[in-house]
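Tertiary structure, described
Chain by chain, the residues run as shown.
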Amino acid sequence: MRASILAGACALGLLAPALALADGETIALFTKNQTNPFFSAERVGAEKAAAMLHAKLLEYVPTKADSIAEQMSQIDDVVVKKPDAVVIVPVDYKAIGPGIAKLNAAGIPAVNITDRSADGRFVAFVGADDYHIARDTAEVLLKAMGGKGSVVILEGVPGSLTSQDRVRGFRDALKDYPGVRVVAIQPANYQRLQGMQVMENLLQSHPDVAGVMAANDAMAIGAVDALSDAGHKALVIGINATREAVDAINSGHMLASGDYNGFLQGCIGTMIAIRVLRHEPIESDVQLPVVVVTKANAAAYEAPVAERNCPAWQDVMRR
Amino acid sequence: MSEGLLTPPAGRLRAVPGVAVILGLLLAGFAVGSRDFLAPANLLNVTDQSAVLMLLALPMTFIIMTEGLDLSAGAVVSLASVVIGTVAVASGHVWPALFAGIAVGLGFGIANGVLVALIGLPPFVATLGTLGIAQGLALVVSGGQSITGVPSALPGLYGGHLLGMPLPALLLVAAWAAFAWALHRTRFGSYVFALGGNREALRLAGVPPAPLLIAVYALGGVMAGIAGLLLTSRLDAGHPTAGIGMEFDAIAAVAVGGTSFERGDGRLGGTALGVFAIGILRNGLNLLAWPSALQVASVGVLVILALLVDVLRTPAP
Amino acid sequence: MSGSSAAAPRRSGQPFAAALHEAGGRLLAVLLLGAALALTSDTFLTAANIVNVLRQTSLLFILASGLTAVVITAGLDLSVGANIALSACLAGLAMKVGGSPLAGVAAALGTGALVGLLNGLMVSLLRIPSFIATYGMLWVLQGIAYAVMGGEAVYGFPRAFRMLGIGRIVGVPVPVLAMLALLALGTLLLRRTVWGHQVYAIGANAEAARLSGVPVRRRLIIVYLASGVAVGFASLVFLARLNSAEADIGDTLTLPAIAAVLIGGTSLFGGVGSLFGSFIGALLLTLVLNGMNLLDVNANWQPLVTGTIVLLAVWLDLRTRRARALRR
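Residues numbered from 1 in each chain as written. Chains lettered and ligands numbered in written order. Predicted model: local features only at pLDDT ≥ 70, side-chain atom pairs only at ≥ 80, totals over all residues. Heavy atoms only, no water.

Brief notes about the nonpolar core
As a rule of thumb, soluble globular proteins bury nonpolar side chains together. Ranked by internal contacts, the top residues of the largest apolar core, which has 253 residues, are Val86, Met199, Val212 and Met254 of chain A, Phe124 of chain B together with Ile128 and Phe131 of chain C. Counting residues per element, this core draws most heavily on helix H2 (residues 40-65) of chain B, at 14 residues. Composition of this core by domain shows at least three residues from each of domain 1 (23-128 + 261-288) and domain 2 (130-259) of chain A. With sequence-adjacent residues up to four places away left out, Val86 of chain A is seen in contact with Ala28, Phe30, Val78, Leu103, Ile108, Pro109, Ala110 and Val111 of chain A. With 53 residues, the next largest nonpolar core counts Leu57, Ala173, Ile185 and Ile239 of chain A among its residues. (Core = buried A, V, L, I, M, F, W, Y, C linked by side-chain atoms within 4.5 Å. Buried < 20%, exposed > 50% of the residue type's maximum accessible area, 1.4 Å probe, protein only. Helix = DSSP H or I, 4+ residues; strand = E, 2+ residues; numbered from the N terminus. Domains from an automatic or database assignment. Contact = heavy atoms within 4.5 Å.)

What follows is the structure in structure tokens.
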């Protein structure tokens, strides 16, 4: 098999794939895109888990970011290739159903991570709850604001489950703080430039903004830049606890970021897939605990993802 | 449109287009590289996957032959998908949804045609505008969410079989045959050739070009509606961004297939090869499990190489 | 199809006045939109918001400036978005590794120029249609950017470098000054030099230009090269403003940049167009988004409103031009 892959790659006059071949099971990992640091952390986590357990990991990412049609085609292709198990983040949790049905029909066990699929049979789900992460992070902001003032909310990509749940979490947290007023809810599509420009525009009509709730860190940092450029002070929160956000929290530019821990999701999802194949006991629903990163606990988040290690299974169970 | 934009080199050989050479190399490489590639199940799989792109690339060939372009195709697929999902859920039946989807496509196709043929907007700008409108409507109608709970007959379309062949593959073959017939065996086809190559002759023959041009764009809209139906059936859900960017894949398939922006030079056979080259590249690289960044770059290399092979075999003017 | 018969620009008169005259219908669209926004939002007409809108316009305009020249030659560059992403990422990494803003400037302009040169070679020497050559280039650049960045962001640059994006000179943001300088120099170059006239001539009729002694291939290579350099410069402005770069920053910039050029009246049939028009186009697109933010319009409506306004602006322009042609 290995020889034939190499021969094929040489026939095309190009280099062989960089993924190392191990002796054990083959796990196919599906993520949404190549650009969000969250998914790259997830892929690193899965790679670490596979290496730790001597399995081989194949990664499938749509060439067009977040393309559900392409993810479906990749599932079709993987069913032909028949890996031993699949770990998947559905691009669209509602529309992935027929793809999962194909995996089920082919008898390939599937682990669902991050976004919970609405359909299909999975051996397990591993995720962190968007809604609670957003609510708890917003809580930190609302307390710091002293329960009064105006906030703006920056939404992610319209229609994405993560954005909907996070904004719902923000809104629910606001219910306990009647003194805080939401002056605008605008989309910035999880993009930094758009986060910055939307914030610049909003500052024109709402110069009294005291707090910003952004559905991810990229938009939050864009907003921070817009605020500091305008000489305006406001507290900003984001979600994902990316390295840049942790730096911003340390330097006082951001207040907090909700930790969604893609690395751990990738680790645990892949560990479960391998354990199922080895007939070892698993947990079928793993909810990672909510952690809000602030100046107080930021130190633990400074290590780059590539230098972190997956936890041992006993520690996963203890969480 | 003048030279340079989409015009393949002059004096191109009538023989095998460059994309056929590339396709041959891909087939050979993947056949050696992956034992699964040549399995009948995988070949059917690639054909099924290519159906949506083929449905878009066929009318795009006609549109490009008229020196036009349709950038709204992908967004209309998304909108049709949302409308099909909404109507299917509301009515509980597939037929009204199917008609609604095709009607939406037809409406946008006619709008594109009117903007280009009657109002005189450049096709690129006109269809860029309708792209925004169709994408916006898809988001507004769906609230940005995918629409699930469609009647079970709908997914049956993509997964269904007729005479032992999967329906998407049959649809692909039937659509290609119908377009080839229309282009080469009907008066409409000869008018389409004339629209791009010799519009003046059309006028002299007493055939007004505007209604014809509108018909060509309308055909594009209808096919986008059918593509939306196929995609909705595949996803078992209406999806507001499912078709995003598909117009560029379709245009690339047409261009590498050798259809020229000038002289009404249409190559439906080349378009089919272009569609399969794109589909097989993605399928094969998935089977070989290439890193995804390399897969992205490969798409670009394929497009450039296919045109380059043509150029290198053509003597400089 | 209309437009391909238009000749090179008038030589007589002031270049800027001529550009202003040509932009009539589009200017009208901008004024109408501005008036509507001024009536519906009390913050729209403040000095701060106008500076804000101009600053947001600047990035789009710089990106669209070189593209305008490409479109005047009857070509198209679909790789601008992927190019700005790769240039910004490499410049960011170069500054991190090299420790000096100069390393970043060299990397951005070098990457942009190299991509532009390759596009130019593909289009002029290899005779690959520009739409396809640059579409292929888009995917190649995107793939390289993904591979280089591995899903991470590069961020945190020296203060001195960031002045290019966030600094102000006598109250005017530096990117706005850069935009105005580019607009003035580019307009002079296109309208007042032999070189500029040759660019228009190539777009109007490449064969005729060749026969009258214009070195068509060399000019085309330079036009694509210039577009690449403009994109490299835009990537520096982007980096300096955003203080960060990721592999996907260009995805949402390609179509708006092309739309700005086309709304600006530059024709894909070649031979017609102006930088001032592209400026108006970029301004119009920015105003639409600014207005929707100020009025707190729901996200899902934004593509629909933008699409409608693009159609209306081009239609209005067509009407005024036809009316003017009839009067002559």
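Additional details are given in the paragraphs that follow.
Describing the interface of chain B and chain C
Contact with chain B, which involves 55 residues of that partner, is made by 42 residues of chain C. Counting the surface lost from both chain B and chain C, the interface buries some 4,200 Å², and carbon and sulfur atoms represent 80% of this. In this assembly, chain B and chain C are joined by zero salt bridges. Summed over the shared surface of chain B and chain C, the number is two residue pairs in polar contact (both at pLDDT 80 or more). Looking at the side of chain B that touches chain C, the elements with two or more residues in it are helix H4 (94-119), helix H5 (123-142), helix H11 (246-256) and helix H13 (292-313) of chain B. If one sorts the elements of the side of chain B that touches chain C by residue count, H5 of chain B sits on top with 15 residues. Across the side of chain B that touches chain C, the residue classes tally to 37 nonpolar, 13 polar and five charged. (Buried area = accessible area lost by both parts, 1.4 Å probe. Salt bridge = Lys/Arg side-chain N within 4 Å of Asp/Glu carboxyl O. Polar contact = N/O pair within 3.5 Å; in protein donor to acceptor, adjacent residues only side chain to side chain. Nonpolar A, V, L, I, M, F, W, Y, C, P; charged D, E, K, R; others polar.)

Describing the pattern of salt bridges
Working definition: two side chains of opposite charge can pair if their charged atoms are close together. Residue and element names in this part refer to chain A. Scanning the entire structure with this criterion turns up 19 salt bridges over all chains. The shortest N-O distance in the salt bridge between Lys32 and Asp115 comes to 2.8 Å. Residue Lys32 is located in the loop between strand S1 (26-30) and helix H2 (37-52), and its partner Asp115 is located in the loop between strand S4 (110-113) and strand S5 (124-127); the two are separated by 83 residues in the primary sequence. Taking the relative accessible area as the measure of exposure, Lys32 reaches 8% and is therefore buried. In this structure, Arg275 and Glu280 form a salt bridge, with 3.6 Å as the shortest nitrogen-oxygen distance.

Some details on the domain arrangement of chain A
Residues and elements named next belong to chain A. As assigned here, chain A comprises domain 1 (23-128 + 261-288) and domain 2 (130-259). Distance between the C-alpha centres of domain 1 and domain 2: 30 Å. Of the residues lining the interface, seven residues belong to domain 1; the matching set on domain 2 comes to eight residues. Both sides together, the interface formed by domain 1 and domain 2 hides about 660 Å², and carbon and sulfur atoms give 50% of it. Remark: the boundary between domain 1 and domain 2 carries zero salt bridges. Summed over the shared surface of domain 1 and domain 2, the number is two residue pairs in polar contact (both at pLDDT 80 or more). The residue inventory of the side of domain 1 that touches domain 2, partitioned by class, reads four nonpolar, two polar and one charged.

Description of H5 of chain B
All names here are of chain B. With 20 residues, H5 should cover 28 Å at 1.5 Å per step; its first-to-last C-alpha distance of 28 Å lies within 8% of that length. Summarising burial for H5: 17 of the 20 residues are buried, a large majority. At the exit of H5 stands Gly143, carrying a positive phi of roughly 65°. (Expected span 1.5 Å × (residues − 1).)

Here's the deal with the packing of aromatic side chains
Going through the model one piece at a time under the given rule, you end up with 13 aromatic pairs over all chains. Where Phe30 of chain A meets Tyr60 of chain A, the ring centres are 5.4 Å apart and the plane angle is 25°; that geometry is what we call stacked. With Phe30 of chain A in strand S1 and Tyr60 of chain A in strand S2 (residues 56-60), this pair connects stretches of sequence that are 30 residues apart. Of the two residues, Phe30 of chain A and Tyr60 of chain A, both sit in the buried class. On the basis of an interplanar angle of 85° and a centroid distance of 6.3 Å, the ring pair of Tyr135 of chain C and Trp139 of chain C is categorised as edge-to-face. Here Tyr135 of chain C and its partner Trp139 of chain C are both found in helix H6 (residues 130-149), four residues apart, which amounts to about one turn of the helix. The exposure class of Tyr135 of chain C is buried, given its relative accessible area of 4%. The class for Trp139 of chain C is buried, based on a relative accessible area of 5%. (Phe/Tyr/Trp six-rings, centres within 6.5 Å; stacked < 30°, edge-to-face > 60°.)

Some words on the environment of Val296 of chain B
Among the secondary structure elements, Val296 of chain B is positioned in helix H13. Once the C-alpha coordinates of Val296 of chain B and Val275 of chain B are considered, the two residues, 21 residues apart in sequence, prove to be 17 Å apart.

Observations concerning the packing of helix H7 (residues 159-166) of chain C against helix H11 (residues 216-242) of chain C
All names here are of chain C. The interhelical angle for the contact between H7 and H11, taken along N-to-C directions, is 105°, at an axis separation of 7 Å. Between H7 and H11, the interaxial angle falls into the category roughly perpendicular. On H11, the residues touching Phe161, Arg162, Leu164, Gly165 and Ile166 of H7 are Phe233, Leu236, Val237, Leu239, Ala240, Arg241 and Leu242. In terms of residue class, the contact of H7 with H11 is made up of nine nonpolar, one polar and two charged. (Axes fitted to C-alpha atoms, helices over the stretch in contact; angles between N-to-C directions. Parallel < 35°, antiparallel > 145°, perpendicular 65-115°, else oblique.)

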